[in-house]
There are 2 protein chains.
Amino acid sequence: MPEHFADRLIEAVQGRSTPACVGIDPLIDSLPASLVPTERSEQADLEAVRRFCLDVIEVVAPVVPIVKINVAFFEPYRAPGIQLYDDLVAVAHSAGLMVIGDVKRGDIGHSTVQYARAHLGGDGRHPCVDAVTVSPYLGSDGVEPFLVPARRHGRGVFVLVQTSNPTAERLQGLELTSGGTVSDAVGGLVAEWAAADGLVGTSGYSAVGAVVSPRDVPSTRRLRAAMPRCTFLVPGFGAQGRSVEEVATCFNADGLGAIVNASRSVIYAFQGKPADAPGGWQAQVREAAVEFVAQLKRMHSERRE
Amino acid sequence: MPEHFADRLIEAVQGRSTPACVGIDPLIDSLPASLVPTERSEQADLEAVRRFCLDVIEVVAPVVPIVKINVAFFEPYRAPGIQLYDDLVAVAHSAGLMVIGDVKRGDIGHSTVQYARAHLGGDGRHPCVDAVTVSPYLGSDGVEPFLVPARRHGRGVFVLVQTSNPTAERLQGLELTSGGTVSDAVGGLVAEWAAADGLVGTSGYSAVGAVVSPRDVPSTRRLRAAMPRCTFLVPGFGAQGRSVEEVATCFNADGLGAIVNASRSVIYAFQGKPADAPGGWQAQVREAAVEFVAQLKRMHSERRE
C-alpha cells in the first residue's frame, strides 16, 4: 500500500471501481424503530447509535471504498461520543474502508497544531482517520499545521472551498475586486498548499484536497481548473441533490480528481419503507449504497459518450 | 442573575471592575516543571494538565470575571480530554467565573444543530459553557443554529470576524467589489444576527458578539461602528501583543462592548522565573493576572483623559 494519501485514495477508488463515499451522520431520532431504546437515556441512545453505525459500516464496506464520519453527530454525547467516534474509525479501517473525519476544524497557528495532533495524530495511541475537513477562515496558519502530519503520516486534508448549504453564498459568493469570489480566492490558496513540497503523490494528486459542492457548471469548471492536483470531496449527492452534470464537472479528464459523498439518502434509505421487509433496514441501506454507486457509474459513462 | 447572556456578562464585568478574560490553553510541555510527570504517559500528562488548570482557575477567579477554555488543547487526549474540558467548565462555574468555550465550530445547518446542542446544550446533562466561538465560513446556517440555545438558555455566540494570526489577512482581508473587506462583510452579517428577535438584552447588547483582533485603528473603528450591539472578544493581549490604542478602539463610548483575552502571558507567567520563588508558580500567574487587569485599567483611564 503506497503511503501517500492521494495515492492510497486512488488505489481504494480503483479497487472498488467507484469514487463513492458514504457519510455517517447518525441521529437517534432517525434510526430504525427497532434500534431506538424504549427507555431513553443518553447512554441507551448512544448504544443505539453504536449498533446502527456498526451495521451501516458492515453493510457499505463491500460496496464503497470510503466513509466520512461527521464528529458533529457525536459531540452532543461528550466524552463517550468521542470514544464512539474513535471506535468507529477503527472498525471502518478493519473493514477495509478509508475514513474521512468531517471535523471542519481551524484556529490560529498554535491551536491548529493541537487540532492537527488530535485528528491526524500519528502517534499510534488512538485510531486516526485518513483525512480531515478543515475550515479556511483563519488563513494559512489555520490549515498549514495539518500539512505536517499529512506529509509525515500519509494523511489528507480537505479544505472547505464551496459548501452545499443554502446560505454559503453570503460569504463564499462575495465578489472580490481582484476578480472571482471568496471561494475562488480560497481555491487559489488551496492550489498553493496542494503544490507544496512533499504533498504531491506519484499519482500527481496532492494530499490537499477541497470540499467543493458544485453550484453551477461555470463556477465548478473554474474551481476544477484552479486546483488541478486536488481531489474534490463533493458533498450532497442525494439528499442535498446536485445535478449529474454539475457533479460530473468535479472530475478531471482522467476520471479521477473527485470523490462523491451521500449521507442521508443512503444511511436512512429505510425511512418510509416497511420495517418487516426481507433483510431488514440493513438490506435497504445496502441497496441504496449499490444504487448510489450505479448512479455515479451511469454519470461517468454518459460523460464519456 | 439576569438570564440574558450579554446582561450577565456586563454584570460579571462590573462585579470584578474589569473586562479581562484569561485564556486556558494548556500544553504539557509548558507546565511548571514540578507538575510534569517523571514517567510520561497520556494519562499522566492529562492528570498534570488537570492539576495545572485547576490551580489556574483557583488563582484567577478572584481577579477576572471570565475564562476562555480552548478545546483544541484537550482534543489530542480524545475522550478523557473532553471529559476534562467539561470538568473544568463546571469547576470554573463553581468558582464564580463565566466561561467561554473557544471551539470555533461551524458546519452546514443540520450538522451545526448538533454542534449547538453539544456546546450550548441546555439539557442540563453536561456542564455547559456560557458562550462559544463559531466560524462564519458556512454562512448563516453555520451560525443560526447556535442562536436557538442562545435565545432559549441565555447563552452567547462570538462569531469570528477578524482574527489575530499573521495570515488571517489572506482570506479576511480580501477586498470586495461592494466595498470593504471580507471581515467587514462578516461584520455586517454579525450585526444582522445580533439584532434578531429575542437576542438583545435589557443592556442593549446582544447575545451575539464578535471575535475582533484589532489590526489597525481605522478598520477597528469601522467594525465597532458596524456592530454597535455586539460585545467584541478581543484576543491576543500580551503574547500576541496589540497596542493599547488598538485595543481601546474595541470599546464603545459607554466603556462596555468588549472583553479582552490574555492566555499565554498570564498562565505561563512563571516561565523563565526561579521555580522556588515564594508562593510558587501560582503566585506568578496570580501576579500576571493582576498586572493584566491593571494594564486594562490604565488603558481606560488614559482614554478618558
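Presented here is a report on the structure given in the accompanying data block. (Residues numbered from 1 in each chain as written. Chains lettered and ligands numbered in written order. Predicted model: local features only at pLDDT ≥ 70, side-chain atom pairs only at ≥ 80, totals over all residues.)

## Some words on the overall build of chain A
Within chain A, the regular secondary structure consists of 11 helices and eight strands. Computed over C-alpha atoms, the radius of gyration of chain A comes to 19 Å, within 12% of the 19 Å expected from 2.2 N^0.38 for 305 residues, which places it in the range of a compact globule. For chain A, the C-alpha atoms occupy an extent of roughly 60 × 50 × 40 Å along the three principal directions. Long-range pairs, those at least 24 residues apart, make up 72% of the contacts in chain A between residues at least 6 apart in sequence. (Helix = DSSP H or I, 4+ residues; strand = E, 2+ residues; numbered from the N terminus. Rg over C-alpha atoms; globule rule 2.2 N^0.38 Å. Contact = placed C-beta atoms within 7 Å.)

## What about the interface of chain B and chain A?
Tallying the contact residues gives 51 residues for chain B and 51 residues for chain A. Class assignment of the residues belonging to the side of chain B that touches chain A gives a composition of 22 nonpolar, 16 polar and 13 charged. (Nonpolar A, V, L, I, M, F, W, Y, C, P; charged D, E, K, R; others polar.)

## Here's the deal with helix H2 (residues 42-60) of chain A
Residues and elements named next belong to chain A. With 19 residues, H2 should cover 27 Å at 1.5 Å per step; its first-to-last C-alpha distance of 27 Å lies within 8% of that length. All buried positions along H2 are accounted for by Leu46, Val49, Phe52, Cys53, Val56, Ile57, Val59 and Val60. Along the long axis of H2, the arc covered by the buried residues comes to 165°, so they all point the same way. (Expected span 1.5 Å × (residues − 1). Buried ≥ 20, exposed ≤ 12 C-beta atoms within 10 Å, placed from the backbone. Arc of directions from axis to C-beta.)

## Concerning the nonpolar core
Grouped together as the largest cluster of nonpolar side chains are 209 residues, with contacts concentrated most on Val67, Val157, Val159 and Val190 of chain A together with Val67, Val157 and Val159 of chain B. If we ignore the near neighbours within four places in the chain, the residues touching Val157 of chain B are Ala131, Val132, Val134, Phe146, Leu147, Ala150, Ala207 and Val208 of chain B. (Core = buried A, V, L, I, M, F, W, Y, C linked by C-beta atoms within 7 Å.)

## Remarks on the sheet that holds strand E6 (residues 208-212) of chain B
Within a beta sheet, neighbouring strands are joined by backbone hydrogen bonds and run either parallel or antiparallel to one another. Residue and element names in this part refer to chain B. One closed barrel accounts for eight strands, arranged E1-E2-E3-E4-E5-E6-E7-E8; its pairing is parallel. Taken over all neighbouring pairs, the strand axes of this sheet differ in orientation by 30° on average, direction set aside. Sheet analysis places strand E2 (residues 66-70) next to strand E3 (residues 98-105), joined by five bridges and oriented parallel. Each residue of the ladder has a partner; that of Asn70, found in E3, is Asp102. Set on the sheet, helix H7 (residues 182-194) makes contact with strand E5 (156-162) and E6; between it and E5 the angle comes to about 160°. (Pairing = 2+ DSSP bridges. Axes fitted to C-alpha atoms, helices over the stretch in contact; angles between N-to-C directions.)

## A closer look at the environment of Asp25 of chain A
Relative to the helices and strands, Asp25 of chain A resides in the loop between strand E1 (20-24) and H2. Non-local contacts of Asp25 of chain A, meaning those with residues more than four positions away in its chain, are made with Asn70, Phe73, Ser263 and Arg264 of chain A together with Ser111 of chain B.

## Considering the relation of the copies chain B and chain A
Superposition record for chain B on chain A: RMSD 0.0 Å, screw rotation 180°, translation along axis 0.0 Å. Such a combination of turn and shift is consistent with a two-fold rotation axis. Looking at the interface residues of chain B, 100% of them are also at the interface in chain A, so both copies use one shared face. (Least-squares fit on C-alpha atoms with pLDDT ≥ 70 in both.)

## Overview of the packing of helix H2 (residues 42-60) of chain B against helix H3 (residues 78-94) of chain B
Residue and element names in this part refer to chain B. Running from amino to carboxyl end, H2 crosses H3 at an angle of 15°, the nearest separation of the two axes being 11 Å. On the basis of the axis angle, H2 is roughly parallel to H3. Two packed elements cross with a definite hand, and for H2 against H3 that hand is right-handed. Note on element contacts: H3 touches H2 through Pro80, Gly81, Leu84, Leu88, Val91 and Ala92, opposite Leu46, Val49, Arg50, Cys53, Leu54 and Ile57. Considered class by class, the residues forming the contact of H2 with H3 number 10 nonpolar, one polar and one charged. (Parallel < 35°, antiparallel > 145°, perpendicular 65-115°, else oblique. Left-handed = near helix turned anticlockwise from the far one by under 90°.)

## Some details on unusual backbone geometry
At Arg78 of chain A, a residue that is not glycine, the phi angle is positive and equals roughly 55°. Looking at where Arg78 of chain A falls in the secondary structure, it is placed in helix H3 (residues 78-94). For Arg78 of chain A, a count of 22 C-beta atoms within 10 Å puts it in the buried group. Its identity is not glycine, yet Ser17 of chain B carries a phi of approximately 55°, on the positive side. Mapped onto the secondary structure, Ser17 of chain B falls in the loop between helix H1 (5-16) and strand E1 (20-24). A residue is classified by how many C-beta atoms lie within 10 Å of it, and Ser17 of chain B, with 11 of them, is exposed.

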